[in-house]
Amino acid sequence: MVDGCDASILVASTPRKTSERDADINHSLPGDAFDVITRIKTAVELKCPNVVSCSDILVGATRSLVTMVGGPRINVKFGRKDSLVSDMNRVEGKLARPNMTMDHIISIFESSGLTVQEMVALVGAHTIGFSHCKEFASRIFNKSDQNGPVEMNPKYAAELRKLCANYTKDEEMSAFNDVFTPGKFDNMYYKNLKHGYGLLQSDHAIAFDNRTRSLVDLYAENETAFFDAFAKAMEKVSEKNVKTGKLGEVRRRCDQYNDYKG
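Keep in mind that what you see is a predicted model, and the values were worked out from it rather than measured.

Parameters at a glance
- Residues numbered from 1 in each chain as written.
- Predicted model: local features only at pLDDT ≥ 70, side-chain atom pairs only at ≥ 80, totals over all residues.
- Heavy atoms only, no water.
- Helix = DSSP H or I, 4+ residues; strand = E, 2+ residues; numbered from the N terminus.
- Contact = heavy atoms within 4.5 Å.
- Disulfide = S-S within 2.5 Å.
- Buried < 20%, exposed > 50% of the residue type's maximum accessible area, 1.4 Å probe, protein only.
- UniProt positions renumbered as here; feature names shortened; annotations may be inferred.
- Polar contact = N/O pair within 3.5 Å; in protein donor to acceptor, adjacent residues only side chain to side chain.
- Expected span 1.5 Å × (residues − 1).
- pLDDT = per-residue confidence, 0-100.
- Salt bridge = Lys/Arg side-chain N within 4 Å of Asp/Glu carboxyl O.

Observations regarding the side chain of serine 112
Then step 1. Within the secondary structure, serine 112 is located in the loop between α3 (102–111) and α4 (116–123).
Then step 2. Sequence-distant contacts of serine 112, that is, excluding residues within four places in its chain, are made with Met1 and Lys240.

Examining the state of the cysteines
By definition, a disulfide is the covalent link that joins the sulfur atoms of two cysteine residues.
Then step 1. Considering all chains together, one arrives at two disulfides under this definition.
Then step 2. Covalent S-S linkage joins cysteine 54 and cysteine 254, the inter-sulfur distance amounting to 2.1 Å. Taking the torsion about the S-S bond as the criterion, the cysteine 54 to cysteine 254 disulfide, at about -100°, is left-handed. With a gap of 200 residues between them, cysteine 54 in helix α2 (residues 54–68) and cysteine 254 in the segment after α10 (223–238) connect regions that are remote in the sequence.
Then step 3. Look at cysteine 54 and you get buried, because its relative accessible area is 0%.
Then step 4. Cysteine 254 sits in the buried class, given a relative accessible area of 8%.

Some points on the UniProt feature "binding site: Ca(2+) 2" (unreviewed entry) in the protein
Then step 1. The sites that carry the UniProt feature "binding site: Ca(2+) 2" (unreviewed entry) are, in the present numbering, Thr127, Asp178, Thr181 and Asp186. In summary, the annotated positions, though distributed over 60 residues, converge in three dimensions, the widest C-alpha pair being only 9.9 Å.
Then step 2. Note that aspartate 178 resides in the loop between β2 (174–176) and α7 (188–193).
Then step 3. Not counting residues up to four positions away in its chain, the partners in contact with aspartate 178 are His126, Thr127, Asp186, Met188, Tyr189 and Asn192.
Then step 4. At 3.0 Å, the side chain of aspartate 178 and the backbone nitrogen of phenylalanine 180 are in polar contact.
Then step 5. With respect to the helices and strands, the residue aspartate 186 is situated in the loop between β2 and α7.

A word on α2
Then step 1. Relative to the 21 Å expected for 15 residues at 1.5 Å per residue, α2 spans 21 Å between its end C-alpha atoms, a close match to the ideal helical length.
Then step 2. The complete set of buried residues in α2 reads Cys54, Ser55, Asp56, Ile57, Val59, Gly60, Arg63 and Val66.
Then step 3. Glycine 70 occupies a position one or two residues after α2 and carries a positive phi of about 100°.

Looking at the confidence of the model for the protein
Then step 1. Averaged over all residues, the pLDDT of the protein equals 92, while 96% of them reach at least 70.
Then step 2. Confidence drops under a pLDDT of 50 for residues 144–149, and excluding neighbours within four residues, the segment shows twelve contacts in the predicted structure.

Looking at the pattern of salt bridges
Then step 1. Per the counting criterion, the structure on display carries 13 salt bridges.
Then step 2. A salt bridge links aspartate 56 to arginine 80; the shortest N-O distance between them is 2.8 Å. Taken together, the residues aspartate 56 in helix α2 and arginine 80 in the loop between α2 and α3 connect sequence positions 24 residues apart. You'll find aspartate 56 and arginine 80 in the same group, each marked buried.
Then step 3. Of the charged contacts, one joins glutamate 92 and arginine 97 as a salt bridge, the two residues approaching to 3.0 Å between their closest N and O atoms.

Laid out in structure tokens, this is it:
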């Protein structure tokens, strides 16, 4: 969503430049995921040096992960180069935040050339993974009704309050996006939304907004339709603003540019 599929998120900050990776919204990205990419890059470089970009590794790893946890096969192409720029200041406004209005979220996706239908399909990635408590704390703690937000299942809200009780002291506290099948890529995320088990405010909004509700209903009822839509949308995203020629490079290390002097 920030300048295309070019591995700019992998670049580490330096004393002179703060990269995308250290933008506030990206702090939730797990460190072990960066480690996985580093290990893949090291193995690839030993076999085939200076050929496979970090961008292509990200795309291939994502495709493999989705398939491994039960999701659809995503058709991807290779040949990308890695970005020559990674700037924290380019992030804000390019990524949707949980507390944004649906109008704002839709406009962000549309500015990247993605339709409402593609947005709803891509958000289905919340069928796996987790969110830190700070991303949804206002939903469970700042409501006048202490039985929980009216749009959230009361028992679910109560359990989340227990889980996140110390989130201000322990910023790593988090909850699964899909409370029922968190490690399986399926359409349970959409089913959850219809019964008050949406974790983020944006999850709830997408289930009831007139522009998106019918798509949520469709994907909740028809997993094949969701899988097809998700795979096509991911393929489109993976080909957005691809860097070729002198617009990029094949990094030797994914966390730094080739001309980095230390």
